[in-house]
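# Residue-level structure breakdown
Here are the chains, one letter per residue:
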Amino acid sequence: MMPAPLPSGSPQVPGTRPDTGPAAALAHELGALEAHLRTRQADWQRPQPGRAWSPAQEAEHVILIGEAGRRAIRLLLSERELRPLPHVPGTLREGRRQAPEFAQPGEAGLAWGELETAWAAHRAALLELAAGVHDRPGRTLWHPFLGEIGAVAWLNSLTAHVRHHRELLEAGARA
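Being a predicted model, the structure only gives us computed values, none of them experimental. (Residues numbered from 1 in each chain as written. Predicted model: local features only at pLDDT ≥ 70, side-chain atom pairs only at ≥ 80, totals over all residues. Heavy atoms only, no water.)

### Here we look at the pattern of salt bridges
Oppositely charged side chains are able to pair whenever their charged atoms sit close together. For the structure shown, the criterion picks out 10 salt bridges. Among the salt bridges present, the one from R38 reaches E34, with a minimum N-O distance of 2.8 Å. R38 sits in the partly exposed class, given a relative accessible area of 41%. Put simply, R51 and E58 hold a salt bridge, and the shortest N to O gap is 2.7 Å. (Salt bridge = Lys/Arg side-chain N within 4 Å of Asp/Glu carboxyl O. Buried < 20%, exposed > 50% of the residue type's maximum accessible area, 1.4 Å probe, protein only.)

Next up, the structure:
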């Protein structure tokens, strides 16, 4: 199960050094996952032990969730009106959070030849946004597993998500 991020406004993500903030923690996790993904060409399309997804599918899923989180954070930082969203809780199966339909990877996942370009664009967009992330009073959006949260908590949730998938992939490589 992915660990819950710190509450909105928290200065750091659990497991990071106290002198790093949310943007630095995200940069670290994105870099660590990218480094690991680069070692997985030999089994890129093979589902991992105890998992339904291959490294290609894990990578695609992380990018899809990252893009959705980036859109949420951009909206929270903007002046645009926040419309109430339905408070539909996320799905748990055997105590594990399940990816929403929009974040399910395709059957083949991300093509190996697209990893470098897709990951670089994903990383750059997230880190550009993370550099200016801050909470704005009264501006929250519904997260299916965390409830109403602000921009910093959304960023922390993305960091925790990246770390979770990196750890799953690392465990699969050791199995």
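### Some points on the layout of surface pockets
Each pocket or cavity is described by its volume, and for the largest pocket that value is around 1,200 Å³. The wall of the largest pocket is formed by 41 residues, among which I65, Q98, A99, P100 and F145 lie closest to the centre. Elements supplying a minimum of two residues to the lining of the largest pocket: α2 (55-77), β2 (96-97), β3 (141-143) and α4 (151-174). Broken down by class, the residue content of the lining of the largest pocket amounts to 21 nonpolar, 12 polar and eight charged. (1 Å grid on protein atoms, 1.4 Å probe; cavity = no way out; pocket = protein on both sides within 12 Å on 5 of 7 lines; lining within 4 Å. Points joined across faces, edges and corners; volume = space filled by probe spheres on them. Helix = DSSP H or I, 4+ residues; strand = E, 2+ residues; numbered from the N terminus. Nonpolar A, V, L, I, M, F, W, Y, C, P; charged D, E, K, R; others polar.)

### Some remarks on the packing of helix α1 (residues 22-37) against α4
Between α1 and α4, whose axes approach to 9 Å, the crossing angle comes to 25°. Taken together, the axis directions place α1 and α4 in an arrangement best described as roughly parallel. Every pair of crossing elements has a handedness; the one defined by α1 and α4 is left-handed. Judged by residue contacts, P22, A23, A25, L26, E29, L30, A32, L33, H36 and L37 of α1 engage V152, L155, N156, L158, T159, V162, R163, R166, L169, E170 and A173 from α4. Grouping the constituent residues of the contact of α1 with α4 by class yields 14 nonpolar, three polar and four charged. (Axes fitted to C-alpha atoms, helices over the stretch in contact; angles between N-to-C directions. Parallel < 35°, antiparallel > 145°, perpendicular 65-115°, else oblique. Left-handed = near helix turned anticlockwise from the far one by under 90°. Contact = heavy atoms within 4.5 Å.)

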